[in-house]
Amino acid sequence: MSKVKVIVAGPRGRMGNEAVKLVHGTEGFELAAVIDRKHNGESLSAIEGFHGIEAPVFSDINECFSSVEADVLIDLTTPEVGMFHTETALNHGIRPVVGTTGFTKEDLAKLDSLTKEKGIGCIIAPNFAIGAILMMKFSQMAAKYFPDVEIIEMHHDQKLDAPSGTASKTADMIAAVRETKQQGHPNEKETIQGARGANVDGMHIHSVRLPGLVAHQQVLFGSDGELLTVRHDSFNRASFMSGVKLAVDSVMKLDVLVYGLENIIE
Ligand SMILES: NC(=O)C1=CN([C@@H]2O[C@H](COP(=O)(O)OP(=O)(O)OC[C@H]3O[C@@H](n4cnc5c(N)ncnc54)[C@H](OP(=O)(O)O)[C@@H]3O)[C@@H](O)[C@H]2O)C=CC1
Ligand SMILES: O=C(O)C1=N[C@H](C(=O)O)C[C@H](O)C1
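Per an unreviewed UniProt entry, the recorded name for the protein is 4-hydroxy-tetrahydrodipicolinate reductase, and the organism is Peribacillus castrilensis. The heading Sequence similarities (unreviewed entry) in the UniProt record of the protein holds the text "Belongs to the DapB family." Looking at the protein in UniProt, the text filed under Subunit (unreviewed entry) is "Homotetramer."

Participant: Go over the overall build of the protein with me, naming the residues and quoting the values.
Facilitator: From N to C terminus, the protein includes seven helices and 12 strands. A globule of 266 residues ought to have a C-alpha radius of gyration of about 18 Å, and the protein, at 20 Å, matches this closely. Along the first, second and third principal axes, the C-alpha atoms of the protein reach 60 × 40 × 30 Å. Considering the protein as a whole, with its 266 residues, one finds that 49% of them fall into the buried category. By sequence separation, contacts in the protein at least 24 residues apart represent 68% of the contacts at least 6 residues apart. When the accessible surface of the protein is totalled, it reaches about 13,000 Å², and 51% of it is carbon and sulfur. Side chains of the protein give 25 positive and 35 negative charges; the mean places of these two sets differ by 2 Å.

Participant: Any chance you could break down the site of ligand 1 for me, citing the residues and the numbers?
Facilitator: In the vicinity of ligand 1 there are 21 residues, among which Arg-14, Met-15, Arg-37, Thr-101 and Phe-128 approach most closely. Within the backbone of Met-15, a nitrogen or oxygen atom sits 2.8 Å from an oxygen atom of ligand 1. In this structure, Gly-99 approaches ligand 1 through a main-chain N or O atom, which is 3.1 Å from a nitrogen atom. Protein contact buries 79% of the 920 Å² of open area that ligand 1 shows by itself. Each residue belonging to the shell around ligand 1 can be placed in one class, and the counts come to seven nonpolar, eight polar and six charged.

Participant: How would you sum up helix α3 (residues 79-91)? Please name residues and give values.
Facilitator: Helix length check: α3, at 13 residues, gives a terminal C-alpha distance of 18 Å against a target of 18 Å (1.5 Å per residue), a fit within 8%. Those residues of α3 lying buried are Pro-79, Gly-82, Met-83, His-85, Thr-86, Glu-87, Thr-88, Ala-89 and Leu-90. Looking at the residues trailing α3, positive phi occurs at Gly-93, about 75 degrees.

Participant: Can you break down the UniProt feature "active site" (unreviewed entry) in the protein residue by residue, with the values?
Facilitator: In this numbering, the UniProt entry assigns the feature "active site" (unreviewed entry) to His-155 and Lys-159. In this structure, His-155 sits in strand β7 (residues 149-155). Assessed through its relative accessible area of 9%, His-155 is described here as buried. Those residues within four positions of His-155 in sequence are excluded, and the remaining contacts are Ser-164, Val-208, Arg-209, Leu-210, Leu-213, Val-214, Ala-215 and His-216. Positionally, Lys-159 belongs in the loop between β7 and α6 (165-175). Contacts of Lys-159, omitting those with residues within four sequence positions, involve Thr-101, Ser-164 and Arg-209.

Participant: Describe the side chain of Thr-101, listing the residues and the values that go with them.
Facilitator: For Thr-101, the position within the fold is in the loop between β5 (95-98) and α4 (105-118). On the basis of relative accessible area, Thr-101 is assigned to the buried category, the value being 14%. Of the polar contacts made by the side chain of Thr-101, one reaches the side chain of Lys-159; its length is 3.4 Å. Of note is the side chain of Thr-101, whose polar atom sits 2.7 Å from the side chain of Asp-161. Apart from residues lying up to four places away in sequence, Thr-101 is in contact with Pro-79, Pro-126, Lys-159, Asp-161 and Gly-165.

Participant: Which residues make up α6, and what are the values?
Facilitator: Of all 11 residues that make up α6, eight are buried, and the element is covered over most of its length. Buried residues of α6: Gly-165, Thr-166, Ala-167, Lys-169, Thr-170, Ala-171, Met-173 and Ile-174, and no others. Buried residues in α6 make contact with α5 (130-143), β7, β8 (198-200), β9 (203-209), β10 (215-223) and β12 (257-259).

Participant: Describe the nonpolar core, with residues and values.
Facilitator: The biggest cluster of nonpolar side chains holds 55 residues, and the ones touching the most others in it are Leu-44, Ile-74 and Phe-128. No other element matches α5, which puts six residues into this core. Once you skip the residues sitting within four places of it in the chain, Ile-74 turns out to touch Val-6, Ile-7, Val-8, Ala-9, Val-23, Val-97, Val-244 and Val-248. With 14 residues, the next largest nonpolar core counts Ile-7, Ile-35, Phe-58 and Ala-70 among its residues.

Parameters and conventions
- Going along each chain's sequence as written, the residues are numbered from 1 onward.
- Here the convention is simple: chains get letters from A, ligands get numbers from 1, in the order in which they are written.
- With pLDDT at 70 or above as the cut-off, local features in this predicted model cover only qualifying residues; side-chain atom pairs require 80 or more to be listed or tallied, and sums for whole chains, interfaces and linings still use all residues.
- For side-chain calculations, the full set of non-hydrogen atoms in the structure is used, while hydrogens and water are omitted.
- UniProt positions are given in the numbering used here, feature names are shortened, and annotations may be inferred rather than shown by experiment.
- Elements are defined by DSSP. Helices are runs of H or I of four residues or more, strands are runs of E of two residues or more, and each kind is numbered from the N terminus.
- We take the radius of gyration over the C-alpha atoms and set the globule estimate at 2.2 Å times the residue count to the 0.38 power.
- Think of it in three bands: with a 1.4 Å probe and only protein chains considered, a residue is buried below 20% of the maximum accessible area for its type, exposed above 50%, and partly exposed in between.
- Note on contacts: a residue pair qualifies if any of its non-hydrogen atoms lie within 4.5 Å across the two residues.
- Throughout, the Shrake-Rupley method with a 1.4 Å probe supplies accessible areas, and for residues the shown protein chains are the sole cover considered.
- Residues scored as positive are Lys and Arg, those scored as negative are Asp and Glu, and His as well as the terminal groups of each chain are ignored.
- In this description, the location of a charge corresponds to atom NZ of lysine, CZ of arginine, CG of aspartate or CD of glutamate.
- Residues are classed as near a molecule or strand on a simple rule: at least one heavy atom within 4 Å of it.
- N or O atoms within 3.5 Å of each other form a polar contact, as long as, within protein, one can give a hydrogen and the other can take it, and as long as residues adjacent in sequence are counted only when both atoms are side-chain atoms.
- Residue polarity is assigned by list, with Asp, Glu, Lys and Arg as charged and Ala, Val, Leu, Ile, Met, Phe, Trp, Tyr, Cys and Pro as nonpolar; anything else, Gly included, falls into the polar class.
- Expected span of a helix, by definition, is 1.5 Å for each gap between consecutive residues, and there is one gap fewer than residues.
- Only buried residues count toward a nonpolar core. Its members are Ala, Val, Leu, Ile, Met, Phe, Trp, Tyr and Cys residues joined through side-chain atoms within 4.5 Å.

Following this line, the structure appears as structure tokens:
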């Protein structure tokens, strides 16, 4: 069987670095190229940290796609760049696997209709860690019985987007099964703006940023006399890689956009 040819965008980033090594080290995958805004024209092996990994490096995505044959683009960059890369990939018939977070609902709707138009697979996964996907699924289950919920997400202090993609996805999954409810006292008032966090359908998301953290989330469900906590911790970026592999394999079999790996694992 032929190998899945993969391009990674953002190879020097915390996630991109792991993804390059995953693709390089996976038997059924071939690293077709990388897209890196600061390098062009050399081999990846010439860049610090990638000794022995041969692949062409392009700073321009269009030049990359017109020079290299590929099946899948893994994007691990920033929301604006990720959106542009995803649209460009779809327009070139290359299947996007997007880990980048911070997309708006409008971005997702736009990508959904472009994916339909192109008739190829696209996966947008706010979290690739299998444990995090289970944490979201368990939270959705719990929300049927506990409508009072607060989400606390905790990340390293280099993270650009807040709330995290995982927290937004968790809130969406909970909102799908929970009746909209304004939590807390009806007359509650913030004396310092933001004290109650972001409000999604009446539930609240709190974002913590601290050095030393990687990616952590707890979902608290409160009821009369009891508290249920669903928690997940990623202690390193390797925790995301089995999900990246699953997404690359899965996107080859899809012809629609899938938002969230919970729709792939059963
Ligand atoms: N889905 C998941 O499971 C996970 C998703 N993420 C998400 O993945 C994304 C990347 O995270 P992380 O690796 O920690 O971030 P990093 O900041 O470590 O890496 C981001 C990468 O994007 C590149 N980049 C930034 N700006 C541009 C630009 N204008 N043009 C081209 N490339 C650019 C950076 O290049 P340069 O070095 O030149 O700045 C860098 O290689 C984030 O959105 C994060 O939320 C993170 C972890 C898990
Ligand atoms: O930026 C990160 O680190 C992470 N981002 C994703 C998110 O926004 O949910 C996934 C994970 O939490 C790590």
